Amino acid sequence: MTEPSGGSTDKPRRPVVVPAIALAALAAIGITALLGGLNERPDPAPPQLKPGQVLDQGRFDTQFVESKITLQRAENDFAEDKRFLDVIFKVTNKTDETVNVGGLPSGKSGGWNFGATLLKMTPAIKSKTGGDLFVSSHGGQYSQLHPGIPSIVVARYELEGSAQAPEQITYDVGKYELLENALADTSEWFLESEQDPLTEEDENTVAAKVTLPVQPEGA
């Protein structure tokens, strides 16, 4: 029996079978594209700094000098000796205005001082005072950073009772950026920050991590 004129003589085609692993790969590509594309990469880790290195913090140039144990002898028979973990910085205020050095702990407020850039210290030193931050000059303790003058700044944490100092400490450090207000024709310094995608709250950006070994007393 002959085929009708003009009819097709092709055999039925086999259905195309896609392996399950290929489907999974396609699905993964689709999800990646949905989340921002294949070209998206995680932000690089902040640089790791060592003792003696300098960080440009926008408003300040800061050298991370050392960390050490300091013993403060009792002033009289009714007082007690005190031990402190001191972190030493050399800070230069690059603006033309005198700036307050700030305090510890810091990092959550926007502040315009140096202390606000010390976002976090690991491990944290637990004490009742929470730590002090001051400018050290000629044996005195001061609160101001004057323009263009390199100043020794001390972050001091009391080691209470029998508490032992860690072998090293690490700071997460932020930096300032100068933002312009076009409407008011002014500019102000603010800590760099970014929005957390989960909480939608602004979090200060870690510009660098600084690790300092803790030197024993008298070293």
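Just above sits the structure.
Residues numbered from 1 in each chain as written. Predicted model: local features only at pLDDT ≥ 70, side-chain atom pairs only at ≥ 80, totals over all residues. Heavy atoms only, no water.

A.B. asks: Is there a simple way to think about the overall build of the protein in this case?
C.D. replies: Broken down by element type, the protein carries one helix and 16 strands. Taken over 219 residues, the protein has a buried fraction of 31%. For the protein, contacts bridging at least 24 residues in sequence account for 66% of all contacts bridging at least 6. In the form shown here, the protein has an accessible surface area of approximately 15200 Å², with 52% of it arising from carbon and sulfur atoms. (Helix = DSSP H or I, 4+ residues; strand = E, 2+ residues; numbered from the N terminus. Buried < 20%, exposed > 50% of the residue type's maximum accessible area, 1.4 Å probe, protein only. Contact = heavy atoms within 4.5 Å. Areas by Shrake-Rupley, 256 points an atom, 1.4 Å probe, with all protein chains shown as cover.)

A.B. asks: For this particular structure, what's the right way to read the pairing of strand 12 (residues 176–181)?
C.D. replies: Within a regular strand, side chains alternate between the sheet's two faces. Here strand 12 pairs with strand 13 (residues 186–191) via six bridges, running antiparallel. For leucine 178, the partnering residue across the bridge sits in strand 13 and is tryptophan 189. Count of turn residues in the strand 12/strand 13 antiparallel hairpin: four residues, of which aspartate 185 carries a positive phi of about 55°. (Pairing = 2+ DSSP bridges.)

A.B. asks: Is there a simple way to think about the packing of aromatic side chains in this case?
C.D. replies: Centre-to-centre distance and the angle between the planes together describe a pair of aromatic rings. Taken as a whole, this structure holds five aromatic pairs when the rule is applied. Geometrically, the ring pair formed by phenylalanine 89 and phenylalanine 114 is edge-to-face, given 5.5 Å between the ring centres and 70° between the ring planes. Of this pair, phenylalanine 89 sits in strand 4 (residues 82–93) while phenylalanine 114 sits in the loop between strand 5 (99–100) and strand 6 (118–122), and the two are 25 residues apart along the sequence. Exposure remark for phenylalanine 89: the relative accessible area of 0% places this residue in the buried category. Arranged with centres 5.9 Å apart and planes meeting at 55°, the rings of phenylalanine 89 and tyrosine 171 form a pair that is tilted. Of this pair, phenylalanine 89 sits in strand 4 while tyrosine 171 sits in strand 11 (residues 168–173), and the two are 82 residues apart along the sequence. Considered together, phenylalanine 89 and tyrosine 171 belong to a single accessibility category, that of buried residues. Of the aromatic side chains, those joined through ring pairs into one cluster are Phe60, Phe64, Phe89, Phe114, Tyr171 and Tyr176. Sitting above the plane of the phenylalanine 84 ring, arginine 156 keeps its charged end 4.8 Å from the centroid. (Phe/Tyr/Trp six-rings, centres within 6.5 Å; stacked < 30°, edge-to-face > 60°. Lys NZ or Arg CZ within 6 Å of the ring centre and 35° of its normal.)

A.B. asks: Would you mind showing me how to read the side chain of asparagine 93 here?
C.D. replies: With respect to the helices and strands, asparagine 93 occurs in strand 4. A relative accessible area of 1% places asparagine 93 in the buried class. Within the local environment of asparagine 93, its side chain forms a polar contact with the backbone oxygen of leucine 145, the two atoms lying 3.1 Å apart. Not counting chain neighbours up to four residues away, the residues in contact with asparagine 93 comprise Arg59, Phe60, Thr98, Val99, Leu145, His146, Pro147 and Gly148. (Polar contact = N/O pair within 3.5 Å; in protein donor to acceptor, adjacent residues only side chain to side chain.)

A.B. asks: Help me understand the environment of valine 87 in this model?
C.D. replies: When you line up the elements, valine 87 lands in strand 4. The sequence separation of valine 87 and valine 214 amounts to 127 residues, and the corresponding C-alpha distance is 8.7 Å. If sequence neighbours within four positions are ignored, valine 87 has contacts with Glu66, Ser67, Val153, Val154, Ala155, Tyr157, Ile169, Tyr171 and Leu212.

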